[in-house]
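Summary of the model geometry
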Amino acid sequence: MPKNGTEFSRYATTFHEIIDGKKSKIAMFTKNLLKMGLVPDDKDTINDIFPTLENDVGKSFIEEPKAGLLRKYYNGTNDLTNLLPQLETEFDSEFIARYSEELQDYDDSKLIEFANSYQLIVDEDDIDYVTEAIAELYVSIIKNVSNKKREKTSNLEVNPKSDKDIIVLSYTFTEPEKQALVRLCELLQPALRRVKNQTDTIDKKRYELSKLTDIEEDKAWEPHLESEIASYIRNYDKDFSKIEELCSELVELLEPKQGMNEDFPILISFANNIGNDEYRITCSYKFKYNPFKLMISDFNDCIERTLRFIDKL
């Protein structure tokens, strides 16, 4: 990802390099990437916002400054927060199905290489599984953009005449508060690594279970696998409960001071959403590992940034 990039820019640049092979110019590529999986009306909306023209020799192009805006999405200079509200598409299971279908227009080996670059858990012999994992990854990125937009909007909804709001934004961390934040961050990092490793194992075991056949040898192995998965889930739930407790403390500490640093609202958002059903293994067949893994990675990156600048607070 570019140094100051976005999740979308990392996805776009990796997709462009590996799957597209950099055959397309950046602006046109980004436009087509944004259209993938959308309902027809929204594909038309993207076409209206970024119209494609033809020059005198019949080559397609996008005029400036529209092409420049697409390049900013690609490079991570701009995020998608102003574009997404103009779309009606629901980023749900139907979107995943459409996106997966469109991905299959690309070379299988390139899709697998892309999935591996993100360390997605995929069966390389089942391209449907690969495209679904990539589609789930993309949906998680888009939903993160939407969540950050709502968080930013919420933070801006203050009374400009209120001195109290101004005082909160200029609040300074005391030394005990800094120490508390460091403690929480340093406890969260290994805890997040543990649950990530646990879900990695659970997802692999779940996949093994799904591939068992009706032959006698597989039937004999099935109870063992089910028992293993249940044991891993029990350990996961125990560790995840500890993470929820730490996140609750983190929110309590940072909410009054969220205007002090641009990462604080993001940390609060991760901490508030950690208990969502999509991250809780209540059924091993419903849990989606790849979006969970991306959330853990982003959460940990935000913690790392916090630990680096905490002495400057």
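For the structure, check the block above.
Residues numbered from 1 in each chain as written. Predicted model: local features only at pLDDT ≥ 70, side-chain atom pairs only at ≥ 80, totals over all residues. Heavy atoms only, no water.

Section: the nonpolar core
The biggest cluster of nonpolar side chains holds 48 residues, and the ones touching the most others in it are Y11, F15 and Y99. Put simply, the parts of the chain that give this core at least two residues each are α1 (7-18), α2 (26-35), α3 (40-49), α4 (66-75), α5 (93-103), α6 (108-117) and α7 (127-156). Of the residues forming this core, the biggest block, 11 residues, is contributed by α7. Residues in contact with F15, not counting those within four places in the same chain, are D20, F29, L33, M36, Y99, L103, Y106 and F114. Grouped together as the second largest cluster of nonpolar side chains are 36 residues, A191, L253, I268 and F299 included. (Core = buried A, V, L, I, M, F, W, Y, C linked by side-chain atoms within 4.5 Å. Buried < 20%, exposed > 50% of the residue type's maximum accessible area, 1.4 Å probe, protein only. Helix = DSSP H or I, 4+ residues; strand = E, 2+ residues; numbered from the N terminus. Contact = heavy atoms within 4.5 Å.)

A word on the environment of F292
Of note, F292 is situated in helix α12 (residues 289-309). Through-space distance from the C-alpha of F292 to that of T199 is 8.7 Å; in sequence the pair is 93 residues apart.

Considering unusual backbone geometry
E64 connects to P65 through a cis peptide bond whose omega is 5°. The topology assignment puts P65 in the loop between β2 (60-62) and α4. One non-glycine residue, K22, lies in the positive phi region at around 55°. Topologically, K22 is positioned in the loop between α1 and α2. The backbone of Q119 shows a phi angle near 55°, a positive value even though the residue is not glycine.

Some remarks on the pattern of salt bridges
Counted by the stated rule, this structure contains nine salt bridges. A salt bridge links K43 to E102, with the nearest nitrogen and oxygen atoms 3.3 Å apart. Within this pair, whereas K43 is found in helix α3, its partner E102 is found in helix α5, the two being separated by 59 residues in sequence. Each member of the salt-bridge network shares a partner with another, and the members are K196, D200 and K204. (Salt bridge = Lys/Arg side-chain N within 4 Å of Asp/Glu carboxyl O.)

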